[in-house]
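# Structural characterization, general
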Amino acid sequence: MSKGRRKKNESHISVCICTYKRPEMLSHALEGILKQVVDDGFTYEIVIVDNDRTRSAEPVVLQHQNKSVIPIMYSCETEQNIALARNRAIRLSTGNLIAFIDDDECPVKEWLARLYNAKMDYKADGALGPVLPEFPPESPRWLREGNIFNRRRFLTGTKLTVRDTRTGNVLLSRSMFPENEIWFDPAFGLTGGEDVDFFRRQISLGRIFVWCDEAEAYETVTADRCKSSFHLKKYFKIGALNGENLRKDGFSGFIGFFKCILSVLVWSISFIALLPLGKHRWISPILKLSYSSSCVLSYCGIQLEKNRY
């Protein structure tokens, strides 16, 4: 079957990428997506939404459009808001399935096929895969051995909770994007967390999301991410967002708040105990301490910096 040509009754996947001032990484991501191995089960297209009003991604997209047999669509969302960018990508897409991957991630050749097969085999509304770090040669030991980028992995077919959902590597049914409903909430557009909010709402409606451990994507670890200050700020911002969410969740949120208080004590002790053993040992506890402390402060109504840009 020739790529990009759709047969009757087969699925068509819209691979959506939202990008912001990272043209080189976007190019790397596109190279991986354009090399996907497909079968007679589906065809695919690529939808790129540039969230930079200066259209910094457009030259890279044009370069790939000129040599690709896979349809590549480009649009610019001039308002700096990741939720609006995701919503624009969905509106532009034509597939009955929607995939999201970040602009700093490059998938393996069988990525789409593995996500597709997992979704179909387990009759799920969506399938998610692992995102693994791709370290530069000069990356420090604490970064490579500190478990900073380690995310939980599961056996393929495992049903996921909100905790393990995200838009970095996912395939979704288009049916969960009906017209006249909020998909990704623009209220989270500058802070992030729009994907967690989306999945929380979908799971509350009974949607099922499963894990596909073979659908790997590799995340580029850039120079700025080789600094501990970057990760401290990231964990602090995520904690602030989670604290706000807990405050809205009534009694269950209070239980989560209490757990965060306990976590502050546990990670403080762990940090002190591991301090003599080197940064690769104590970096993980200090990041978790940053997250838990920020969560507690945010729950108590202390306003913290949480914008992603």
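Below or above, wherever it landed, is the structure these notes cover. (Residues numbered from 1 in each chain as written. Predicted model: local features only at pLDDT ≥ 70, side-chain atom pairs only at ≥ 80, totals over all residues. Heavy atoms only, no water.)

### Section: a nonpolar patch on the surface
A grouping of Phe258, Ile261, Leu262 and Leu265 is seen on the molecular surface, where their side chains present a nonpolar patch of about 360 Å² in accessible area. Note that Ile261 resides in helix α8 (residues 250–274). (Patch = residues over 30% accessible without salt bridge, like charges linked within 9 Å, V, L, I, M, F, W, Y side chains within 5 Å. Areas by Shrake-Rupley, 256 points an atom, 1.4 Å probe, with all protein chains shown as cover. Salt bridge = Lys/Arg side-chain N within 4 Å of Asp/Glu carboxyl O. Helix = DSSP H or I, 4+ residues; strand = E, 2+ residues; numbered from the N terminus.)

### Here we look at the side chain of Glu219
Among the structural elements, Glu219 can be located in strand β10 (residues 217–220). At 2.9 Å, the side chain of Glu219 forms a polar contact with the side chain of Arg225. Excluding its chain neighbours within four sequence positions, the residues that come into contact with Glu219 are Asp104, Glu105, Val131, Leu132, Pro133, Glu134, Phe149, Arg151 and Arg225. (Polar contact = N/O pair within 3.5 Å; in protein donor to acceptor, adjacent residues only side chain to side chain. Contact = heavy atoms within 4.5 Å.)

### Regarding the sheet that holds strand β5 (residues 105–107)
Across the sheet, which stays open at both edges, the 3 strands sit in the order β5-β10-β7 with mixed pairing between neighbours. On the outer flanks of this sheet lie β5 and β7 (131–134), each paired with one strand and no other. Sheet twist, expressed as the mean angle between neighbouring strand axes with direction ignored, is 35°. In the sheet, β5 pairs with β10 via 3 bridges, with the strands oriented antiparallel. Pairing of Glu105 across the sheet is with Glu219, part of β10. Seen against the sheet, helix α1 (residues 23–33) touches β5, β7 and β10 and runs at an angle of roughly 10° to β5. (Pairing = 2+ DSSP bridges. Axes fitted to C-alpha atoms, helices over the stretch in contact; angles between N-to-C directions.)

### Notes on the sheet that holds strand β3 (residues 72–76)
As summarised here, the arrangement of the 7 strands in space is β3-β2-β1-β4-β8-β6-β9, forming an open sheet in which the pairing is mixed. In this open sheet, the two strands that pair with only one neighbour each are β3 and β9 (209–211). Taken over all neighbouring pairs, the strand axes of this sheet differ in orientation by 20° on average, direction set aside. Sheet topology places strand β6 (residues 126–128) next to strand β8 (residues 169–173); 3 bridges connect them, and they run antiparallel. Opposite Leu128, over in β8, you have Val170 as the bridge partner. Each of β1 (11–19), β2 (42–50), β4 (97–101), β6, β8 and β9 is contacted by helix α4 (residues 111–121), which is oriented at about 45° to β8, the strand it contacts most.

### Some thoughts on unusual backbone geometry
Apart from glycine, the bulk of residues carry a negative phi angle, and the bulk of peptide bonds sit in the trans form. A positive phi angle is found at Lys21, which is not glycine, with a value near 55°. Positionally, Lys21 belongs in the loop between β1 and α1. Relative accessible area serves as the criterion here: at 49%, Lys21 is assigned to the partly exposed category. (Buried < 20%, exposed > 50% of the residue type's maximum accessible area, 1.4 Å probe, protein only.)

### Some words on the pairing of β1
In terms of burial, β1 is a largely internal element, 9 of the 9 residues being buried. Side-chain alternation along β1 places Ser11, Ile13, Val15, Ile17 and Thr19 on one buried face and His12, Ser14, Cys16 and Cys18 on a second face that is also buried. In this sheet, β2 lies alongside β1 in parallel orientation, the contact comprising 9 bridges. Of the residues in β2, the one forming a bridge with Cys18 is Val49. Crossover handedness for the path β1 to α1 to β2: right-handed. As judged from the 4 bridges shared by β1 and β4, these two strands associate in the parallel manner. When the sheet's bridge partners are listed, Ile13 is paired in β4 with Leu97. (Right-handed = clockwise from strand over helix to strand, strands pointing away.)

### A look at the packing of helix α7 (residues 228–248) against helix α9 (residues 279–299)
It is at 6 Å that the axes of α7 and α9 come closest, and there the two elements cross at 35°. Relative to α9, the crossing made by α7 is right-handed. Along the lines of polarity and charge, the residues of the contact of α7 with α9 split into 12 nonpolar, 8 polar and 4 charged. (Left-handed = near helix turned anticlockwise from the far one by under 90°. Nonpolar A, V, L, I, M, F, W, Y, C, P; charged D, E, K, R; others polar.)

### Details of the state of the cysteines
Here, disulfide denotes a covalent bond that connects the sulfur atoms of two cysteines. In total, this model carries 0 disulfides according to the counting rule given. The cysteine Cys106 is free of any disulfide, with Cys212 supplying the nearest cysteine sulfur at 17 Å. Using a relative accessible area of 14% as the deciding quantity, one classes Cys106 as buried. (Disulfide = S-S within 2.5 Å.)

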